[in-house]
Number of protein chains: 2
Amino acid sequence: MIGGVNMPFSNGDFLLVHYTAKVKETGEIIDTTIEEDAKNYGIYSSEREYEPILVIIGEGRIVKGLEEKLRELNEGEEAVFEVPPEKAYGARDPSKIKRIPLREFAKANIEPVPGKVVEINGLPAVVREVGGGRVLVDFNHPLAGKVIEYKAKVVKHVTDEYEKLKLLLKRRFKTKSIDSYDIKLSDDKTSLTVKIPEKDMLLQDIQLAKRAFAREVFTYFPSIVKISFVEELEKQQKAEAKEEAPSSQTE
Amino acid sequence: MIGGVNMPFSNGDFLLVHYTAKVKETGEIIDTTIEEDAKNYGIYSSEREYEPILVIIGEGRIVKGLEEKLRELNEGEEAVFEVPPEKAYGARDPSKIKRIPLREFAKANIEPVPGKVVEINGLPAVVREVGGGRVLVDFNHPLAGKVIEYKAKVVKHVTDEYEKLKLLLKRRFKTKSIDSYDIKLSDDKTSLTVKIPEKDMLLQDIQLAKRAFAREVFTYFPSIVKISFVEELEKQQKAEAKEEAPSSQTE
């Protein structure tokens, strides 16, 4: 108990979380992990898997206000709550709104239309106004200054080591075959072996995924000091072909 | 002995070969594995390693006439010989010379200059002539129709299994650290384990290199039916930092 608030979860806890987020002011849906919500709000995509996401408390990969609230929930509990801009996508920063000469747009072959998202020096920005040979562009995050309304539920507090490791793997490897990965911790829990199925060998950026996964394992499993990734390739047996067509190499 | 010619080498033999190749007609150097020759002929590049290349007899990765000659040489023997176009880069094929309307070049924003190598429908071609609104382009290999003169030497006939495996690895992984790869054959020689050093994990196209290496091992080492690639990541020990700055996490 801190300040009278129950805090079931603390840094390093692995939670599976379902949530739906919308902009309070407009009701616009930003994101959801729930298939039914996606369909109801008209943002359903068949490309995406709707399932609870992994949240590691203290990791800071999600909006601060959402993470804070999750600490207070119990396993299985759902809450609807608002998060102010400061704990969501930040306050709007007026210094990030700039006037740029129209000719710069002409040079870059970009037509500035109010509302359009453009890229300037590698940064995304929204065109606000065009006039007087100048373009007003806004480098603030599109959700800056917005109060976000969340519906969130802690579906599960994951404590099993292997389940935690699989969740980390899945997050980095972005594969649908995570169950065909063979994961083994040594008896003294200092060493982890991950066997990657042959069909996943060509996953995009797999070598970077291995390193990112390893960094996270070293962070959240203090006993583990070595990770071995193993990829096995087996010879295609051509026994039948050989029997049917005996070798004629008798030079 | 076949037809009175001594044939020391046969299909599947691993040779280390030094060679220098030039166009007979012009004396132009095409390629050399020998640093001294590269310097003498003004084609030296500091980017490149000058060392004998792996030739596996029967593999067909090198010019046919060169491979045929290598079969006849003895270990340590050097020969200078000519290879006709048919056993080098092919005869010139007149049907591969085409007239293309100049406007096609204009459309693709390519200026056709005689002698220039251009890409047309993904194929390289040499511009031969421009005139009358048409461009004569030649899709023949630039060395087609040329007699190639080789100086070649079988530096070594490699028979040691581990040396052969390392040469295959090096060829595919294109790494300068091949000696830090740990290679182990099981006692019954059915299974091979290759440990890849952490610093090579991000080599370009490493996953494709693993598969290509495996294919070749399965071809040239019939007893091997399984290859395991192992990549180990170790936790960075921050012991010193910890001692200097004791943890203050006492919430």
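Residues numbered from 1 in each chain as written. Chains lettered and ligands numbered in written order. Predicted model: local features only at pLDDT ≥ 70, side-chain atom pairs only at ≥ 80, totals over all residues. Heavy atoms only, no water.

- In the annotation of an unreviewed UniProt entry, the entry for chain A reads Peptidyl-prolyl cis-trans isomerase, and the organism field reads Fervidicoccus fontis.
- Among the UniProt annotations of chain A, the heading Catalytic activity (unreviewed entry) holds the following wording: "[protein]-peptidylproline (omega=180) = [protein]-peptidylproline (omega=0)".
- One UniProt comment on chain A, placed under Sequence similarities (unreviewed entry), says "Belongs to the FKBP-type PPIase family." (UniProt positions renumbered as here; feature names shortened; annotations may be inferred.)

## Topic: the sheet that holds strand β8 (residues 134–138) of chain A
Residue and element names in this part refer to chain A.
Item 1. Reading across from one edge, β5-β8-β7-β6 is the order of the four strands in this open sheet, with antiparallel pairing throughout. Sheet topology places β5 (97–101) and β6 (117–120) at the edges, where each strand pairs with a single neighbour. The average angle at which neighbouring strand axes cross in this sheet is 45°, direction not considered.
Item 2. Note: β5 against β8, five bridges, orientation antiparallel. Following the sheet pairing, P101 is matched in β8 by R134. (Pairing = 2+ DSSP bridges. Helix = DSSP H or I, 4+ residues; strand = E, 2+ residues; numbered from the N terminus. Axes fitted to C-alpha atoms, helices over the stretch in contact; angles between N-to-C directions.)

## Examining unusual backbone geometry
Item 1. With phi around 60°, N109 of chain A is a residue other than glycine that occupies positive phi space.
Item 2. On the secondary structure map, N109 of chain A appears in the loop between α3 (102–107) and β6.
Item 3. N109 of chain A gets classed as exposed once you look at its relative accessible area, which sits at 72%.
Item 4. Even without a glycine there, the phi angle at N121 of chain B is positive, about 50°.
Item 5. In this fold, N121 of chain B is placed in the loop between β6 (117–120) and β7 (123–131). (Buried < 20%, exposed > 50% of the residue type's maximum accessible area, 1.4 Å probe, protein only.)

## A look at the relation of the copies chain A and chain B
Item 1. Rotating chain A by 180° about the axis while translating it 0.1 Å along that axis superimposes it on chain B, leaving an RMSD of 0.1 Å. Within this description, the copies of the chain are treated as partners about a two-fold rotation axis. Closest approach to the rotation axis within chain A is made by the C-alpha atom of V230 of chain A, at a distance of 2.3 Å.
Item 2. Both copies present the same face, since 100% of the interface residues in chain A are matched by interface residues at the equivalent positions in chain B. (Least-squares fit on C-alpha atoms with pLDDT ≥ 70 in both. Contact = heavy atoms within 4.5 Å.)

## With respect to the packing of helix α4 (residues 161–173) of chain A against helix α5 (residues 206–220) of chain A
All names here are of chain A.
Item 1. At their nearest, the axes of α4 and α5 sit 9 Å apart, and the two run at 145° to each other. Classified by chirality, the crossing of α5 by α4 is right-handed. Residues L165, L168, L169, R171, R172 and F173 of α4 pack against I206, A209, K210, A212, F213, E216 and V217 of α5.
Item 2. Looking at the contact of α4 with α5, its residues break down into nine nonpolar, no polar and four charged. (Left-handed = near helix turned anticlockwise from the far one by under 90°. Nonpolar A, V, L, I, M, F, W, Y, C, P; charged D, E, K, R; others polar.)

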